[in-house]
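Listed below, chain by chain, are the residues.
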Amino acid sequence: MASSSKAATSEGGAGHGDGVGRRDFLFIATGATAAVGTAAAIWPFLNNMNPAADTLALASIEVSLNGIEVGQAIKVSWRGKPVFIRHRTPEEIQAARDVDVSRLPDPEDDAKRVQKGHDDWLIVVGVCTHLGCIPLGTAQGETRGDYKGWFCPCHGSHYDTSGRIRRGPAPKNLEVPTYTFVNDTTIRIG
Ligand code: FES
């Protein structure tokens, strides 16, 4: 009896130990499979995130300013976004400079939004900072809003001749992208 009981205890103990071991192994093996599976699933995604050569080429663009008359503006596409390039009149520059910056929703000096020696050129990303509409005011004949810059009709945001928000729900000024003057008539955006 005693030995049978001992054997039963011993068998039970051994069985319990094996069971745990198997379960551990199964758990580890499943975990490893899951990790490999996840890695395999992530790889194509990460691989897709490597910029292709043509995407890299569009990371920066060169734009000729030749032919954009004073008072005119054009729209170009950069990294899938519109960029407005405006050749400002002396009056538009003066209007941008005459503003009491401390009263603006997003206070910013005009001088900080243009490049020294090229303050007749204003370059901004053409995406309204409210909900992302493309404001009007670049093409000839489009309304430029109450501050003669751009007007976003989606919810009524008015931007001035420096691309700063002056009235309406947009919280920020139109973004100035990174750009450099390659020469007097060419800029590189990006
Ligand atoms: S998206 Fe421009 S005002 Fe709402």
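Here, the structure is the one placed above.
So, how was this worked out
Residues numbered from 1 in each chain as written. Predicted model: local features only at pLDDT ≥ 70, side-chain atom pairs only at ≥ 80, totals over all residues. Heavy atoms only, no water. Core = buried A, V, L, I, M, F, W, Y, C linked by side-chain atoms within 4.5 Å. Buried < 20%, exposed > 50% of the residue type's maximum accessible area, 1.4 Å probe, protein only. Helix = DSSP H or I, 4+ residues; strand = E, 2+ residues; numbered from the N terminus. Contact = heavy atoms within 4.5 Å. Pairing = 2+ DSSP bridges. Axes fitted to C-alpha atoms, helices over the stretch in contact; angles between N-to-C directions. Disulfide = S-S within 2.5 Å. Salt bridge = Lys/Arg side-chain N within 4 Å of Asp/Glu carboxyl O.

A.B. asks: I'd like a description of the nonpolar core, backed by residues and values.
C.D. replies: Ranked by internal contacts, the top residues of the largest apolar core, which has 14 residues, are Ile85, Ile187 and Ile189. Where this core is concerned, the elements lending two or more residues are β1 (61-64), β2 (73-78), β3 (81-87), β4 (121-125), β8 (179-183) and β9 (186-189). Excluding residues that lie within four positions of it along the chain, Ile85 makes contacts with Val63, Leu65, Ile68, Gln72, Ala73, Ile74, Val76, Trp121, Leu122, Ile123, Ile187 and Ile189. Trp150, Cys152, Ile165 and Leu174 belong to the second largest nonpolar core, which has 11 residues in total.

A.B. asks: Give me the sheet that holds β8: which residues, what numbers.
C.D. replies: Reading across from one edge, β1-β9-β8 is the order of the 3 strands in this open sheet, with antiparallel pairing throughout. Strands with a single pairing partner mark the edges of an open sheet, and in this sheet they are β1 and β8. Averaged over all pairs of adjacent strands, the angle between their axes in this sheet comes to 30 degrees, without regard to strand direction. Note that β8 and β9 share 4 bridges and pair antiparallel. Directly across from Thr180, in β9, lies its bridge partner Arg188.

A.B. asks: For the sheet that holds β3, give the residues involved together with the corresponding values.
C.D. replies: Strand order in the open sheet made by the 3 strands is β2-β3-β4, with antiparallel pairing throughout. Whereas interior strands pair on both sides, the edge strands pair on one side only; in this sheet they are β2 and β4. Direction aside, the axes of adjacent strands within the sheet are offset by 20 degrees on average. Strand direction decides the pairing type here: β3 and β4, joined by 5 bridges, are antiparallel. Within the sheet, the bridge partner assigned to Ile85 lies in β4 and is Ile123.

A.B. asks: Which residues make up the state of the cysteines, and what values go with them?
C.D. replies: Across all of its chains, the model carries 1 disulfide by this definition. Between Cys133 and Cys154 runs a disulfide, and the two sulfur atoms are separated by 2.0 Å. On the S-S bond that ties Cys133 to Cys154, the torsion sits near -105 degrees, and the link is left-handed. With a gap of 21 residues between them, Cys133 in the loop between β4 and β5 (148-152) and Cys154 in the loop between β5 and β6 (157-160) connect regions that are remote in the sequence. Judged by its relative accessible area of 37%, Cys154 falls in the partly exposed class.

A.B. asks: So what's going on with the pairing of β5? Which residues, and what values?
C.D. replies: Within β5, 4 of the 5 residues are buried, leaving the element largely enclosed by the surrounding structure. Strand direction decides the pairing type here: β5 and β6, joined by 4 bridges, are antiparallel. Across the sheet, residue Lys148 finds its bridge partner in β6, namely Asp160. Remark: 4 residues form the turn of the hairpin made by β5 and β6, two consecutive strands paired antiparallel; Gly156 in that turn has positive phi of roughly 85 degrees.

A.B. asks: So what's going on with the pattern of salt bridges? Which residues, and what values?
C.D. replies: According to the stated counting rule, one finds 10 salt bridges in the structure shown. A salt bridge links Arg144 to Glu92; the shortest N-O distance between them is 3.1 Å. With a gap of 52 residues between them, Arg144 in the loop between β4 and β5 and Glu92 in helix α3 (residues 90-97) connect regions that are remote in the sequence. Since its relative accessible area comes to 21%, Arg144 is described here as partly exposed. With its nearest N and O atoms 2.9 Å apart, the salt bridge here joins Arg113 to Glu108. Looking at Arg113, the relative accessible area reads 2%, which means it is buried. Under the relative-accessibility criterion, Glu108 is labelled partly exposed at 26%.

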